[in-house]
Amino acid sequence: MAEFTRRKLMASSIAAAIGTGAVGTASALDRPDEHDSPEAPYVEGEMKRLSTTAFGAEVTGPFVFETGELLYSLQAPSSDNPEPFDKGGVGVIDDFRFTFNGRNDEFDEMEPPRTEGEQGTVKTAAGEYRLLVQESDPINGGTERFGHPETPDGEDVADVVDESYVGVGGVTDMNFFVSTNDDGTEGYLFTNNETRPGAITRTPLYRDEDGYWQADLENALEVENTEAFRELGGTRINCYGDLTPWETPVSSEEEYGHPRLNGTTTAGDIVDEGSGVGLRGGSEFWNRPNATEVGDSLEEIFGDDAWSPAGIWSLTGLEKQAYYLGAEPVDVEDGEDTIEPIGDVFPNRYRYGYNVEVANPTADDPEAMDPVKHYVFGRAAWECPEFLPDERTVYGASDGGAKGIYKFVADEPFTSYDDRMDVRGTLYAIEATETGDGPVDEVDLDVEWLPLGTASNAEIESWITDYDDVTQVDYLETHAETDWQEDLEAALAEADEEVAVNGNQDHITDEEIIEWAEQYEAHGPEGVDEDLRRVPFLETRAAAREIGATIEFNKAEGIDAHDEAEPGDFIYFAISSLGGSMTDDEGELRFDEVDTGLLYRAELEDDYDVSTLEPVIVGPNPSDSESLQDVSLINLDNVMVMEDGRVILCEDKGNFGRSYPNDAMWVYEPPTTIHVDSLAVGHGATGEVDLTLSSLPDGLAGGRITVSVEHVDVAEIVDASYHDDLDLTSDPVIDGSSVELRLADIEDEIGTGRQVTLATIELEGVDTGTTDLTIDVHALDDDDGAAIEPDPRPGVVVTGPPPIGGGPGGGGAPTDPDGDGRFEDVNGNGRLDYDDIVLLFESIEDDAVELNEDAFDFNENGRIDYDDVVALYDEL
């Protein structure tokens, strides 16, 4: 594996000090034309198959109760399967529990389903899968059906459009349980359905007298049919989601129809071309009557230049969304859509593609569940968010091709806001760079986060309201000269051509996105005009692409960390299929294709940031028949991290030549790692790093470990102390270059778990430079007396430049307040202030500055110049 680079310390100064081979970026010219991954399928750790789902179905919506019992969705199985596995639903595995000991020893590796009979059912390695509820089951006293949205007057939308009940309500995904009693044996299960309009079901669950989970369908209800949800516009394509640290379910809208641009096109590209032909995405045709037929129209208009706009297929059901909101049905004639436009009520495109939180999930009154869409997270085809325990940081991934990964950081903890509409914070888009040019399983991604803008839910909702009255009639009247009431087909063709060339003028325009980006580059995200602040929140993908974010990820379908994750723990990112824009000759990412996908992990830093994605599982290569083993993980979708650090992995419609056609659920047991932090320290100053063990399956008995500094002329070890939970230790043996630690856990204070700090080591900066911190494990044993062989993760120490004299506050050694490898505190007073700007300006030609380019190159152009003074002032 590539070296696990750590923290923002791995910035320009460290890259220069230890070489681009470890943390730098390879250019396209440095990369060979193609290379393979001979180790694929690659797994760092171990994984075992726990279950296979019925033929045709995905494995989705895993949820592990506090008792260790497992529930998941049977999503869209083949109707040819035997009952009850011919219909989608949600089930629980009876007579099986996870023990949360960190090891996959609760079950034996299950054999794949070989016969047609086995492949038509759900198989488990232990226990038995039992369905609790299925598509179209009568619920809520018989007034509703499971997974079926209704119109405001209570008519099933499926009836309005003459749609068969078969399959409606069977595309089940997210499941999160909110308990209503102290022992967690009663509560509500929230289940998503990937329908249009979207569906979320709240089903009461309880344990019967024999200890088995049962569903109370009589009192289950469709959340989307409440007026509170309808006021939000309802939802679309509800996929996975999350359960917040404060125990509220969050449902993700996988709105594939949101792209306004094809592939990696930018709005600037369209303006440069003078036309959007071949470049526009499906969202631009949102309010076109019967939008999914636009492909045929474009072919008639543009002939060989016609194209399929990105996400156009996902605009299916917009008319049903309108009927759900109360529009008068106009588009169904003998079961077929027509092009007659809806002019009274039509869904606002900017109301979809968000994460919706049910803020009061256990309310007795369904109208009091307080749903809120978190517009501040941006608009995308959300597969899932991941709310972290700081109650401020949220990560999210957008499914499909050429999409982004995003982060939101709230100004204050979510729970501190009395009204979720007041939640305010900053939205970021990922900028990712490959760290090398080797096989996929050897290449990490260095990550930076580009701030897109800061706003509150309430502010964004006010911007969205401006587009509430846009209907299908507007598509025709805005973009066609012909009166549509006199010649509907001619008007529609005119409108299609106009929108294809010049864009949909009923919504945010190309020119507005470009103007936002130009002002962003000139003044930063907070320096744009007030009327342009809406751009990155309503057109998130296009805005991020315009300023150079990595909008290249293909099918990013899972993100999760432990519910109580702390800095030092891992968060996992799943890519279902590594292909498309991640493997082409454009942009930042130019991987070899791995259709079957991979799993990244990242270490959470002190502020819950992540700066490196490391591959820990890589799927097989479809072109290599030898790699297509029955033990291969294929098309990774939902991921769920359990309390002991193991990860549940779910597959999404993959086969690629395995001996069985069913999707599987796996349990991943990550390897034990031992790592030491990295540190930036000034001349003569001291700082501390932690020595940490992660993923201990069987606890810790004790051991002997040495941590060493490679170059004592850069830094020295001066002190060390043990973690309070260690009862028996020997005094650290320190000689400046190393420290030897001997420890024992005789009271079993350190059990199985995700992370434990063994010791804290103090270092002193000696002279400017960079040195490695290495780890040597002489002996390490678990509670069963077995040897632990952890994967060592070294750290790096950077000693900053010497004191700079001759200016305001000069004399103290510069420091690095934010740990990014650059020393903003030029005068060494412990903070960035105006005196640092003056001192750098007055000393810019001194040797103390010029000979320490990496420390003071604030504009990152590879040299010291006066623009570094300006860049430092901008930081202030």
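Everything that follows concerns the structure shown earlier in this document.
Computed from a prediction, not measured in an experiment: that's the story for all the values here.

On to the overall build of the protein. The helix and strand tally for the protein stands at 18 helices and 44 strands. Computed over the C-alpha atoms, the radius of gyration of the protein is 28 Å, within 12% of the 29 Å expected from 2.2 N^0.38 for a compact globule of 876 residues. Taken along its principal axes, the extent of the C-alpha atoms in the protein is 85 × 65 × 55 Å. Excluding contacts between residues fewer than 6 apart, the proportion of contacts in the protein whose partners are at least 24 apart in sequence is 67%. By element, 41% of the accessible surface of the protein is carried by carbon and sulfur atoms, the whole surface being about 31,500 Å².

Our focus in this paragraph is the sheet that holds strand β2 (residues 46-52). As summarised here, the arrangement of the five strands in space is β6-β2-β32-β31-β30, forming an open sheet in which the pairing is antiparallel. Strands at the two margins of the open sheet, each flanked by one partner only, are β6 (123-124) and β30 (636-641). In the sheet, β30 pairs with strand β31 (residues 647-651) via four bridges, with the strands oriented antiparallel. Its bridge partner lying in β31, M640 is registered against I648.

Most of helix α8 (residues 318-325) is tucked away, with seven of its eight residues classed as buried. Among all positions in α8, only L318, E319, K320, Q321, A322, Y323 and Y324 are buried. Considering only its buried residues, α8 is in contact with α4 (157-160), α5 (227-230) and α10 (472-479). In the stretch just after α8, G326 is the one whose phi turns positive, near 115°.

Okay, helix α7 (residues 294-302) next. For α7, the full list of buried residues reads V294, S297, L298 and F302. End-on, the buried residues of α7 take up no more than an arc of 105°, which puts them together on one face. Opposite the packed face of α7, turned more than 90 degrees from it, sit the exposed residues D296, E299 and E300. Of the surrounding secondary structure, the elements contacted by the buried residues of α7 are α11 (488-502). Count one or two residues on from α7 and you reach G303, which has phi positive near 60°.

With that out of the way, let us pick up the environment of E209. Turning to its location among the elements, E209 is positioned in the loop between β12 (199-207) and β13 (213-215). Through-space distance from the C-alpha of E209 to that of D713 is 70 Å; in sequence the pair is 504 residues apart.

This paragraph deals with the packing of aromatic side chains. Within the structure shown, the criterion is met by 30 aromatic pairs. For the ring pair F177 and W213, a centre distance of 5.4 Å and an interplane angle of 70° mean the geometry is edge-to-face. Here the residue F177 occupies a position in strand β10 (residues 172-179), and W213 occupies one in strand β13, the gap between them amounting to 36 residues. According to the relative accessible area criterion, F177 is buried, its value standing at 5%. Ring centres 4.8 Å apart and planes at 90° place the aromatic pair Y354 and Y375 in the edge-to-face group. One end of the pair, Y354, is in the loop between β18 (336-337) and β19 (355-358); the other, Y375, is in the loop between β20 (371-373) and β21 (382-387), with 21 residues separating them in the sequence. Taken as a pair, Y354 and Y375 share a single burial class, namely buried. Taken together, the ring pairs in this structure connect F63, F65, F176, F177, W213 and Y240 into an aromatic cluster. Looking at K48, its charged tip hangs above the ring of F107, at a distance of 4.7 Å from the centre.

Turning next to unusual backbone geometry. That bond from E83 to P84 is cis: its omega, 0°, falls within 30 degrees of zero. Looking at where P84 falls in the secondary structure, it is placed in the loop between β4 (70-75) and β5 (89-94). Unusually for a residue other than glycine, D162 sits at a positive phi of about 60°. Residues other than glycine seldom take positive phi values, yet A402 does so here, at roughly 55°. Position of A402 relative to the elements: it lies in the loop between β22 (393-398) and β23 (405-410).

The interhelical angle for the contact between α10 and α11, taken along N-to-C directions, is 75°, at an axis separation of 8 Å. When the interaxial angle is binned, α10 and α11 end up roughly perpendicular. Contacts between α10 and α11 involve Y475, L476 and H479 from the former and L488, A491, L492, E494, A495, D496, E498 and V499 from the latter. Along the lines of polarity and charge, the residues of the contact of α10 with α11 split into seven nonpolar, one polar and three charged.

On to the pairing of strand β15 (residues 238-243), then. Burial of β15 is extensive: six of the six residues sit out of reach of the surface. Note: β15 against strand β16 (residues 249-253), four bridges, orientation antiparallel. Among the inter-strand pairings, N238 is bridged to a residue of β16, identified as E253. As consecutive antiparallel partners, β15 and β16 are separated by five residues, and within that stretch E247 has a phi angle of approximately 65°, a positive value.

Attention shifts here to the environment of L189. Along the chain, L189 turns up in strand β11 (residues 186-193). For L189, a relative accessible area of 2% gives the class buried. For the pair formed by L189 and G167, sequence separation is 22 residues and the distance between their alpha carbons is 21 Å. With sequence-adjacent residues up to four places away left out, L189 is seen in contact with L71, V90, N175, F176, F177, T201, R202, T203 and L205.

Tallying each qualifying case throughout the model produces 43 salt bridges. Residues E109 and R49 are paired through a salt bridge, measuring 3.5 Å at the closest nitrogen-oxygen approach. Of this pair, E109 sits in the loop between β5 and α3 (116-119) while R49 sits in strand β2, and the two are 60 residues apart along the sequence. The shortest N-O distance in the salt bridge between R349 and E539 comes to 2.6 Å. Remark: E539 occurs in the loop between α13 (535-538) and α14 (540-546) and R349 occurs in the loop between β18 and β19; sequence separation between them is 190 residues. Taken together, the shared-partner salt bridges connect R260, R280, E284, R349, R379, D510 and E539 into one network.

Analysis parameters
Residues numbered from 1 in each chain as written. Predicted model: local features only at pLDDT ≥ 70, side-chain atom pairs only at ≥ 80, totals over all residues. Heavy atoms only, no water. Helix = DSSP H or I, 4+ residues; strand = E, 2+ residues; numbered from the N terminus. Rg over C-alpha atoms; globule rule 2.2 N^0.38 Å. Contact = heavy atoms within 4.5 Å. Areas by Shrake-Rupley, 256 points an atom, 1.4 Å probe, with all protein chains shown as cover. Pairing = 2+ DSSP bridges. Buried < 20%, exposed > 50% of the residue type's maximum accessible area, 1.4 Å probe, protein only. Arc of directions from axis to C-beta. Phe/Tyr/Trp six-rings, centres within 6.5 Å; stacked < 30°, edge-to-face > 60°. Lys NZ or Arg CZ within 6 Å of the ring centre and 35° of its normal. Axes fitted to C-alpha atoms, helices over the stretch in contact; angles between N-to-C directions. Parallel < 35°, antiparallel > 145°, perpendicular 65-115°, else oblique. Nonpolar A, V, L, I, M, F, W, Y, C, P; charged D, E, K, R; others polar. Salt bridge = Lys/Arg side-chain N within 4 Å of Asp/Glu carboxyl O.

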